[in-house]
Amino acid sequence: MAFILKEVGETFITLAKGFGVTFRNMLRKPVTENYPDEPVHFQARYRGIHVLHRDEQGLEKCVGCFLCAAACPANCIYIEAAENTDAKRISAGERYAKVYNIDYSRCIFCGYCVEACPTDAITHGHGFELATYDINALIYRKEQLLEPWPPPKRAPLNS
Amino acid sequence: MATTVNTITGTQTMVLNMGPQHPSTHGVLRVVLELDGETVLKARTEIGYLHTGIEKSCEAKTYSQAITLTDRLDYLAPLSNNLCYCLAVEKLLGLEVPKRAQYIRVLLTELTRIGSHLVWLGTHAIDLGAMSVFLYCFREREEILKILEMVSGQRMMTSYFRIGGLALEPPPGWLAAVERFVGMFPSRIQEYEDLLTKNRIWLARTQGVGKLDAEDAIALGVSGPTLRGSGVGYDVRKFFPYSSYDEFEFEVPTRTEGDCYARYLVRLAELRESLRIIRQAMAKIPAEGPIRSEAPGIVPPDREKMKTEMEALIYHFKIFTEGFSPPPGEVYQAIESPRGELGFYVASDGSPKPWRVKVRAPSFVNLQALPKFVEGRLIADVVACIGTIDIVLGEVDR
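Residues numbered from 1 in each chain as written. Chains lettered and ligands numbered in written order. Predicted model: local features only at pLDDT ≥ 70, side-chain atom pairs only at ≥ 80, totals over all residues. Heavy atoms only, no water.

A. Quick peek at the overall build of chain A. Within chain A one finds four helices and five strands. Seen in sequence order, chain A has helices and strands lined up from the N terminus as α-β-α-β-β-α-β-β-α. The C-alpha radius of gyration computed for chain A amounts to 26 Å, which surpasses the reference 15 Å derived for 159 residues by more than 25%, pointing to a less compact arrangement than a globule. In terms of overall dimensions, chain A has a C-alpha envelope of 100 × 35 × 30 Å along the principal axes. A burial count over chain A gives 38% of its 159 residues as buried. Of the contacts formed within chain A by residues at least 6 apart in sequence, a portion of 71% connects residues at least 24 apart. Element-wise, carbon and sulfur atoms account for 59% of the exposed surface of chain A, whose accessible area totals about 10,400 Å². Taking the average place of the 18 positive charges on the side chains of chain A and the average place of its 19 negative ones, the gap between the two points comes to 5 Å. (Helix = DSSP H or I, 4+ residues; strand = E, 2+ residues; numbered from the N terminus. Rg over C-alpha atoms; globule rule 2.2 N^0.38 Å. Buried < 20%, exposed > 50% of the residue type's maximum accessible area, 1.4 Å probe, protein only. Contact = heavy atoms within 4.5 Å. Areas by Shrake-Rupley, 256 points an atom, 1.4 Å probe, with all protein chains shown as cover. Lys, Arg positive; Asp, Glu negative; His and termini not counted. Charge placed at Lys NZ, Arg CZ, Asp CG, Glu CD.)

As C-alpha cells, this is what we get:
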C-alpha cells in the first residue's frame, strides 16, 4: 500500500513539474518569424542571391577573370569575356564580362565565388525568394545580378 | 504484406514494411519486420533510398571544393564533417593549423553537437509522444543556427572550415552571442529534464527498451553515445585527441544499463559537457591572431595581401583555378561527431583531386545494432529504438 502511495505521489510531482515547464513557456515571448508578413531577419553574412558590384564611377568591378567559375564546386557560373575599348568601357580592367550567368538551379550558396573574386565584384546579397514555376527563369543574367546604376535614391521597401 | 505459416508451430507470421515514408524512421529508412502478432521476430534494414554518391563526387572536385559536399553527409552536424575532412587533408599535407583556428573549430563543433543532440532529443521525444519537448528543442537549436549563420553565412550548409584553417574571420560580437547562449542553455536542459527524466510515460517507453550490452556493442562496431550508453567509455576526443582537444577538460559520460533511457541520459550529460568545453574555448580563443596557416600554394593568402602583393595574387589564382596537389599517400582521420566515430579516409595520387574519399559514417555502423535492439520486442519499441540510435540517413546512404 505504502509503495503504491509513494508511486502515485511521485507521479503527481513529476506531472506538476512538467506542467510547470509548459506553463512557464506559455508566458515566454514567441520566437516565430512572421514571414511573409514581416521581413526575415538575416545575419549580415547571410549568403543569398549574388550581387555584382560597381565601383564609384559606375563601372562594373568584374574584369572577366573566370576565377569564380573555376572555384565554383557546382559549376553554375557561365562567363563570356570581351575586351574593353576606349569607346565602350564597361569595367576598369582590360576585359569585362559580356555574359555572366548564374544558374540558381545548381548554385549551392557556398560562397566560394566570393572568396575567389580578386576584385570584390561578386558578393552574396540577402535575396532568397527564388521559387519559380519555370526552371529556365532560374538562370540569372548579368542584368539581374548587377547593382543598379545610378544607385536608387532610397532603398526599396522590401530589401 | 505477406503471410507465411510457420511449419513447426503452426502460427502465422507477417512481413511488414516500416518506412521508407514512415515519419518515425527519420528520413528514408525502410525496416522490414517479420511479425508474430505485435512481436518482432526479425528486423532487416533496407538502406540506400538517399544515396547521393557523395564519396564518388568528391573524386571529381578539388580538395577544397569537396568541403561543400561534406556538409551534406550529416546535415545536422555539418561542421563536424567539415572538420573531419579538413583534418584528414591537413594530415595528408602535414599542415599545422594555428591555435586560434583550432579553438574556434572546437567551439563551433561543440555548438553543432548541441544542435544535433537537440534535434535528436526533440524528434525522439515526439516519436514517443512528447510534443512540447520537440518545440522547445527546436527553439533552442534556432539560437545555435543563428550563431552559425552569423559566423559562416549559412544556417546548415556552413562550409566554414577550410584546409589550413577557417574561411573567414568570425564577425565582431559573435562571442557575445555564444555567451548569451551558454548563459541561457543550462536552465533549458533542466526544463527538458523536468519534462522527461522522471516522467512515467517516458520511463515506460525507454527503460529496458533496446538493450545492448557492452560486448555486443563492441562487436557491432557501434560508437558514440550509443556505445557509451552500454558502459564503454570510448570517445575519440579523449583517446585520439585532435584539434587541441587534449587541452580541454571534460568528462566522457557513460551509463551501464545499455537501454534507450541510458542513451538518453548520456546525451543529456553530453550537452552539459559540450557547454563546459565551449566555456573553456571562449576563454582560450585569443582576440587576435591568424586563422589560417602560412602555406603558400595550398592555403589562399589573406585578401589584403592578395590585393597588394603580386606573389600572393599569383598563388591566389593558382589555388582557385588548379587547387593544390598533396603528395601521394593515404590517411585516415577520425573525430567524435555527435553520432559517434566519424572517419574520413582520403587517398591521394598526387593530383589536385582526391583519388578516393571514404567516409566511415557513424550512423551507418550504428544502424547495424537495430535488429539487436528490436528482435523479440513490440512494434512500438521499434520507433523508440530507431530514435535512440540517432541516425541521419544522409550519412547512412552517402
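From this point, things continue past the structure.
B. Molecular detail of the pairing of strand 9 (residues 356–360) of chain B. Residue and element names in this part refer to chain B. Residues Val 357 and Val 359 point to one face of strand 9 and are all buried, whereas Arg 356, Lys 358 and Arg 360, pointing to the other face, are not buried. In this structure, strand 8 (residues 340–348) lies alongside strand 9, joined through five bridges in antiparallel fashion. Looking at the pairing, Tyr 345 lines up with Lys 358 of strand 9. (Pairing = 2+ DSSP bridges.)

C. Layout of the packing of aromatic side chains. All names here are of chain B. All told, the structure shown has 18 aromatic pairs over all chains when counted by the stated rule. When the ring of Trp 202 is compared with that of Tyr 264, the centres are 5.2 Å apart and the planes differ by 65°; the resulting orientation is edge-to-face. Here Trp 202, found in helix 7 (residues 200–206), pairs with Tyr 264, found in helix 11 (residues 260–284); they are 62 residues apart in sequence, far enough to count as distant. In this pair, the class of Trp 202 matches that of Tyr 264, namely buried. An aromatic cluster is present here, built from Tyr 103, Tyr 242, Tyr 245, Phe 248 and Phe 250 joined pairwise through their rings. (Phe/Tyr/Trp six-rings, centres within 6.5 Å; stacked < 30°, edge-to-face > 60°.)

D. Quick look at the interface of chain A and chain B. Contact with chain A, which involves 32 residues of that partner, is made by 39 residues of chain B. The three residues of chain A that bury the most area against chain B are Arg45(A), Tyr112(A) and Glu115(A), which together make up 23% of that side's buried surface. Along the contact surface separating chain A from chain B lie 24 residue pairs in polar contact (both at pLDDT 80 or more). Elements with a contribution of two residues or more to the side of chain A that touches chain B: helix 1 (2–27), helix 2 (67–71) and helix 3 (112–116) of chain A. In terms of residue count, the dominant contributor to the side of chain A that touches chain B is helix 1 of chain A (nine residues). Broken down by class, the residue content of the side of chain A that touches chain B amounts to 18 nonpolar, six polar and eight charged. (Buried area = accessible area lost by both parts, 1.4 Å probe. Polar contact = N/O pair within 3.5 Å; in protein donor to acceptor, adjacent residues only side chain to side chain. Nonpolar A, V, L, I, M, F, W, Y, C, P; charged D, E, K, R; others polar.)

E. Structural context of the packing of helix 4 (residues 99–127) of chain B against helix 5 (residues 131–152) of chain B. All names here are of chain B. Direction vectors running N to C along helix 4 and helix 5 enclose 160°, while the axes themselves pass 8 Å from each other. Of the possible angle classes, the one that applies to helix 4 and helix 5 is roughly antiparallel. In terms of crossing hand, the pair formed by helix 4 and helix 5 is left-handed. Along the contact surface, helix 4 presents Leu 108, Leu 111, Ile 114, Gly 115, Leu 118, Val 119, Leu 121, Gly 122, Thr 123, Ala 125 and Ile 126, while helix 5 presents Met 131, Val 133, Phe 134, Cys 137, Phe 138, Glu 140, Arg 141, Ile 144, Ile 147, Leu 148 and Val 151. For the contact of helix 4 with helix 5, the per-class residue count stands at 17 nonpolar, three polar and two charged. (Axes fitted to C-alpha atoms, helices over the stretch in contact; angles between N-to-C directions. Parallel < 35°, antiparallel > 145°, perpendicular 65-115°, else oblique. Left-handed = near helix turned anticlockwise from the far one by under 90°.)

F. Looking closely at the environment of Pro286(B). Residue and element names in this part refer to chain B. Relative to the assigned elements, Pro 286 resides in the loop between helix 11 and helix 12 (303–308). With 213 residues separating them in the primary sequence, Pro 286 and Leu 73 have C-alpha atoms 31 Å apart. Excluding its chain neighbours within four sequence positions, the residues that come into contact with Pro 286 are Arg 100 and Tyr 103.

G. Expanded view of the pattern of salt bridges. All names here are of chain B. Here the structure, examined in full by the defined rule, presents 38 salt bridges over all chains. Glu 110 is the salt-bridge partner of Arg 237, the closest N and O atoms lying 3.1 Å from each other. With Arg 237 in helix 10 (residues 236–239) and Glu 110 in helix 4, the pair connects residues that are 127 residues apart, well separated along the chain. The class of Glu 110 is buried, set by a relative accessible area of 0%. A salt bridge links Arg 228 to Asp 235; its shortest N-O distance comes to 3.6 Å. Summarising the burial analysis for this pair, Arg 228 and Asp 235 share the class buried. Because the salt bridges share partners, they merge into one network encompassing Glu 110, Arg 113, Arg 228, Asp 235, Arg 237, Glu 270 and Glu 336. (Salt bridge = Lys/Arg side-chain N within 4 Å of Asp/Glu carboxyl O.)

H. The arrangement of the nonpolar core in detail. All names here are of chain B. Grouped together as the largest cluster of nonpolar side chains are 123 residues, with contacts concentrated most on Leu 108, Ile 163 and Phe 344. Per-element tally for this core: the top contributor is helix 4, with 12 residues. Among all residues touching Phe 344, those that are not within four sequence positions of it are Thr 70, Leu 73, Asn 81, Cys 84, Tyr 85, Ala 88, Val 331, Tyr 332, Gln 333, Val 357, Lys 358 and Val 359. (Core = buried A, V, L, I, M, F, W, Y, C linked by side-chain atoms within 4.5 Å.)

I. Here's a closer look at the domain arrangement of chain A. For chain A, the domain assignment lists domain 1 (1–30) and domain 2 (50–145). Using only C-alpha atoms to locate each centre, domain 1 of chain A and domain 2 of chain A end up separated by 58 Å. (Domains from an automatic or database assignment.)

J. Structural view of the confidence of the model for chain B. With 97% of its residues at a pLDDT of 70 or more, chain B has an overall mean of 88. Model confidence for the complex: the whole-complex pTM is 0.89, and ipTM, which rates the interface, is 0.84. (pLDDT = per-residue confidence, 0-100.)

K. Geometry of unusual backbone geometry. Going from Tyr35(A) to Pro36(A), the amide bond is cis rather than trans, its omega being 5°. Examined against the element boundaries, Pro36(A) turns out to sit in the loop between helix 1 and strand 1 (50–52). Within the chain, Asp390(B) stands out as a residue other than glycine whose phi angle is a positive 60°.

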